[in-house]
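Close look at the chain arrangement
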There are 2 protein chains.
Amino acid sequence: MLKSFIREDDGLSKDTRKEERKMYQKSISGILNPLKEAKIPVVVIVDGWDSSGKGHLINQLIDELDPRFWDVFVDEKKSPEASRYPFMYPYYKAMPENGKLLFMDSSYLSHIVMDDLSGNIDAKEKKQRIKSVNIYERQLKNNGYLIIKFFINISKDKQSKSQKALLSKKDSAFRVTKSDLFQNKHYEEFLDAYDDALEKTNTIPWHVLDGDNRKTIAYDAFKILYKELHTAITMGKYCAHPYEETFIMSDPLPRTSDADLSLSISEDEYWTELKRLQDSIHTLQGKMYRRRIPMLLCYEGWDAAGKGGNIRRVAKPFDPRSFRTIPISSPLPHEKNRLHLWRFWSYVPKDGHVTIFDRTWYGRVMVERIEGFCSEDDWKRAYNEINEFEKELTEWGAVVLKFWIQIDKDTQLARFTERQNTPEKMWKITDEDWRNRDKWDEYEIALNEMLEKTSTEFAPWHIIESNDKLYARIKTLRIIEAAMKKALERK
Amino acid sequence: MLKSFIREDDGLSKDTRKEERKMYQKSISGILNPLKEAKIPVVVIVDGWDSSGKGHLINQLIDELDPRFWDVFVDEKKSPEASRYPFMYPYYKAMPENGKLLFMDSSYLSHIVMDDLSGNIDAKEKKQRIKSVNIYERQLKNNGYLIIKFFINISKDKQSKSQKALLSKKDSAFRVTKSDLFQNKHYEEFLDAYDDALEKTNTIPWHVLDGDNRKTIAYDAFKILYKELHTAITMGKYCAHPYEETFIMSDPLPRTSDADLSLSISEDEYWTELKRLQDSIHTLQGKMYRRRIPMLLCYEGWDAAGKGGNIRRVAKPFDPRSFRTIPISSPLPHEKNRLHLWRFWSYVPKDGHVTIFDRTWYGRVMVERIEGFCSEDDWKRAYNEINEFEKELTEWGAVVLKFWIQIDKDTQLARFTERQNTPEKMWKITDEDWRNRDKWDEYEIALNEMLEKTSTEFAPWHIIESNDKLYARIKTLRIIEAAMKKALERK
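Quantities reported herein were computed from a predicted structural model and do not represent experimental measurements.

Right, let's talk about the overall build of chain A for a bit. The secondary structure content of chain A amounts to 19 helices and 10 strands. Taking the principal axes of the C-alpha coordinates as reference, chain A spans close to 85 × 45 × 40 Å. Per-residue burial over chain A gives 57% buried out of 491 residues. In chain A, of all internal contacts separated by at least 6 residues, the share reaching a separation of at least 24 is 84%. As presented, chain A carries roughly 21,700 Å² of accessible surface, and 50% of it is formed by carbon and sulfur atoms.

Taken together, Lys14, Lys18, Lys22 and Lys215 of chain A make up a surface patch of like positive charges. The residue Lys22 of chain A is located in helix H1 (residues 14-37) in this model.

For the rest of this paragraph, the subject is the interface of chain B and chain A. Between chain B and chain A, the residue contacts involve 42 residues of the former and 42 residues of the latter. In total, about 4,300 Å² of surface goes out of reach between chain B and chain A, with carbon and sulfur atoms giving 55% of it. Three residues, Arg312, Pro320 and Trp427 of chain B, lead the burial of chain B against chain A; their summed loss comes to 15% of the area buried on that side. Between chain B and chain A we count eight salt bridges in total. Residue Lys316 of chain B is joined to Asp63 of chain A by a salt bridge in which the shortest nitrogen-to-oxygen separation is 3.2 Å. At the boundary of chain B and chain A, one finds 14 residue pairs in polar contact (both at pLDDT 80 or more). Secondary-structure elements contributing two or more residues to the side of chain B that touches chain A are helix H2 (54-62), strand S2 (70-74), helix H10 (267-290), helix H11 (307-315), strand S7 (323-327) and helix H12 (333-336) of chain B. If one sorts the elements of the side of chain B that touches chain A by residue count, H10 of chain B sits on top with five residues. Among the residues forming the side of chain B that touches chain A, the class breakdown is 16 nonpolar, seven polar and 19 charged.

Residues and elements named next belong to chain B. Running from N to C, H2 and helix H9 (residues 217-235) point in directions that differ by 55°, and their axes come no closer than 10 Å. Accordingly, the angle class assigned to the pair H2 and H9 is oblique. Of the two elements, H2 crosses H9, and the hand of that crossing is right-handed. Across the interface between the two elements, Leu57, Gln60 and Leu61 from H2 touch Ala218, Ala221, Phe222 and Leu225 from H9. Looking at the contact of H2 with H9 residue by residue, the class counts come to six nonpolar, one polar and no charged.

Take the sheet that holds strand S5 (residues 206-210) of chain A next. Residue and element names in this part refer to chain A. If you trace the five strands from one edge of the open sheet to the other, you get S2-S3-S1-S4-S5, paired in parallel fashion. The sheet is open, and its two edges are formed by strand S2 (70-74) and S5, each paired on a single side. Each neighbouring strand pair of the sheet contributes to a mean axis angle of 20°, computed without reference to strand direction. Of the strand pairs in this sheet, strand S1 (residues 42-48) and strand S3 (residues 101-105) are connected by five bridges, and their pairing is parallel. When the bridges of S3 are listed, Val43 appears paired with Leu102.

The next thing to look at is the relation of the copies chain B and chain A. In this structure, two copies of a chain are linked by a rotation about an axis accompanied by a shift along it. Placing chain B over chain A gives an RMSD of 0.0 Å and needs a rotation angle of 180°, together with 0.0 Å of translation along the axis. On the angle and the small slide along the axis, the relation comes out as a two-fold axis. Interface residue correspondence from chain B to chain A reaches 100%, placing this contact among same-surface, isologous pairings.

Tallied over the full model, the rule gives 88 salt bridges over all chains. In this structure, the salt-bridge partner of Glu481 of chain A is Arg276 of chain A, at a minimum N-O distance of 3.2 Å. Placement of the pair is Glu481 of chain A in helix H19 (residues 469-490) and Arg276 of chain A in helix H10 (residues 267-290), with a sequence separation of 205 residues. Look at Glu481 of chain A and you get buried, because its relative accessible area is 8%. Between Glu449 of chain B and Arg369 of chain B there is a salt bridge, with its nearest N and O atoms 3.0 Å apart. In this pair, Glu449 of chain B sits in helix H18 (residues 440-454) while Arg369 of chain B sits in helix H14 (residues 367-371), placing the two residues 80 residues apart along the sequence.

The rules we used
- Residues numbered from 1 in each chain as written.
- Chains lettered and ligands numbered in written order.
- Predicted model: local features only at pLDDT ≥ 70, side-chain atom pairs only at ≥ 80, totals over all residues.
- Heavy atoms only, no water.
- Helix = DSSP H or I, 4+ residues; strand = E, 2+ residues; numbered from the N terminus.
- Buried < 20%, exposed > 50% of the residue type's maximum accessible area, 1.4 Å probe, protein only.
- Contact = heavy atoms within 4.5 Å.
- Areas by Shrake-Rupley, 256 points an atom, 1.4 Å probe, with all protein chains shown as cover.
- Patch = residues over 30% accessible without salt bridge, like charges linked within 9 Å, V, L, I, M, F, W, Y side chains within 5 Å.
- Salt bridge = Lys/Arg side-chain N within 4 Å of Asp/Glu carboxyl O.
- Lys, Arg positive; Asp, Glu negative; His and termini not counted.
- Charge placed at Lys NZ, Arg CZ, Asp CG, Glu CD.
- Buried area = accessible area lost by both parts, 1.4 Å probe.
- Polar contact = N/O pair within 3.5 Å; in protein donor to acceptor, adjacent residues only side chain to side chain.
- Nonpolar A, V, L, I, M, F, W, Y, C, P; charged D, E, K, R; others polar.
- Axes fitted to C-alpha atoms, helices over the stretch in contact; angles between N-to-C directions.
- Parallel < 35°, antiparallel > 145°, perpendicular 65-115°, else oblique.
- Left-handed = near helix turned anticlockwise from the far one by under 90°.
- Pairing = 2+ DSSP bridges.
- Least-squares fit on C-alpha atoms with pLDDT ≥ 70 in both.

So far we have only geometry, and geometry alone does not tell us how the molecule works.
What follows is the structure, encoded as structure tokens:
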């Protein structure tokens, strides 16, 4: 894409171009409020060679824009903190709200190319990252995000001149880093690498800008930006139909009808096993911490199934310094205004850390589906999006365990009644619980569809029979212990 | 406090203590929902000697608690990221929501003592930090936060034994750091330093726990925790009366009546000065970035006074990589549920960075006061809280500039009318703007009180006459240029 790149001559005079550029700039300002009303979020990537003027171009683009409508994200590659999360984590976290523009100053593209040529990643890891980028862009697009991608191309000579000019002045010399100089020295290799990476991430197309030509670059960018925004407004917010990748599912597929709810454990065995398992998990967690293996424990289940008590027993062996429990309730406005998985991405633990989710991203295909809090396309698309999310996590090295805490309807009724009759527990039972109970059959259908579509080989569902809560706790702890041992053998 | 510390014998038998501990633990579980309903947020600090079992105690305390009600904050001292923010920044950022408990694993206390004895800070900086801690705790308390402070005391011998026990096992050896060993080696000096720091941060009292005695420590902690929570529930959420420190105010104090709104500038002079000032500020910002001096530019003003256009001209010279504009609107639920200044603390720029606030924390004493969105005590207390906040920032090294963009009532009417008659600008004018206009006189009173009470020597208000928007922009840029020059001379 870069090797064959020549900017087509637009035949415009300097004055006409200036005139038109102003017009585009003004039109973009005027389009921001309609964009907000149409609830369309926009990601504008400005990537390109080092010292090609990315920051300067962003400055020009935002110059006239009301700051309420945009933000700038700077891809800081060198942060040691970032290296403790999945590669795409900062890009998910930076995702703008509906109706806002996010300008990315450099992006995953340069990040991958630089890591590749500095020998930080091998071919497999590179391929993996490219795939993650494709998923990211597709998920955003399918959820109504507009992605506009610029790449500023400059020649080796121009790059070298820019760097020399910056270095010659005391006030700007600090802007040229070693890695910038490295890139100019190995320009040809970078050219190959950029071309390859641009090609492979071109499912949403890159707009290559001519960085050698300072007179046309801003004009070209404004023109493209305006056209893309204008089209988006005209077409309205995009919402894709369900899309499904093929994943290998767990064998056998868990079904609630297979759960034997008569399973139980004696008190004696419970206390002995509880102690043994908690001690064992405590020791295993120390090892996982040092080997930097992260773990996500995800809880879903019927109301009053015993999630809370189960979580407390599971949480006990973990060091609070490397462990969190995240209770998930309905999304806040700023969460609702973003991709459904956004808040869950932001809760992903650091490597070596453990997060327990008390309810999860599966709310989308359960309560949100049943209560109509999202569209049919939204929840149908979610199965695949969730599988991709969990695949990203497991390929990063995380252990992902999903527990469905299962009880029967009679047991639920007994527990509801007990809560209602015990003053200290009364707050735990709400009208909503009773309303949900009325929809048991609908939930059962959604539940079995969820199990069928998301119990993958890499992140299978475990049904935890919980009519006997003690049995349920021990079963959960055993699954966790076994998974931790397996993870420690693997690496 | 530590040297004279002896745990009073409670005369309880082992069994009775165990019994009572269980009772306290259960009562704490039961109190969490009433706490939430009373909207009381709680900070539980567990500080103490290294290897004294802080993490273990927190684990015991949270063991039975529903995870929806609490979170753990670990004070990670060594993050290079943290060192680029004010000392108290992470503690403000970690602040819990109404009705939630935050357990702090180690705190500012140990942070200060360790930095002191490792020679990272001098006596002046230490004193400054202690003062910041006092302000933090008082502000939290005055805003209804309950703060419960534990310090685990252990003897030199016990500490040494704990460290040896940890080091002897492969699975736990990594938990003992160099700085832990350093502390044991210099135990006596740390004892002096801890005693001194505990004394000076005792305005909200520390509860010293006997870490040498593993049999009583959890019992004592549960008992204190329960009593404090119970008292808080009984008394209801605390809201302090206004409290005022003495600050040196700017001389002269700015008043809107002194503003000469006929001030204007010719177009020619405007364009020449605009270019000169933007170039100059661009260069100065490069210097400030390298010297790591942060800057906050805070905008308030009448509707249609020209804030937006002013901000755009001011923003232009800054590098988007080290600069952000934050538009402030009414707080989201999770922001409203915390100390008023919480979200503004979280927007404080890194050192060397610049943040423009499009509206600010002064909403508290303007719109929130007038519309009754907070209590009278709340907004009256805010003057002092804001002054303390800005003092923290300037003592950290930040440049804080506050602009009130001033127009007269006729000019506002003309601009409102123009917006209403121009299709692309129509969205900018809402019914709320007209309602605010009706309250002009009320706002004027609040405004002058704000200027009088918060135009301090370290963060004075600048009134920007903006009937002529061009004049206003140049005046603002000149003030910024001068302040940057002064900051660069100072350091």
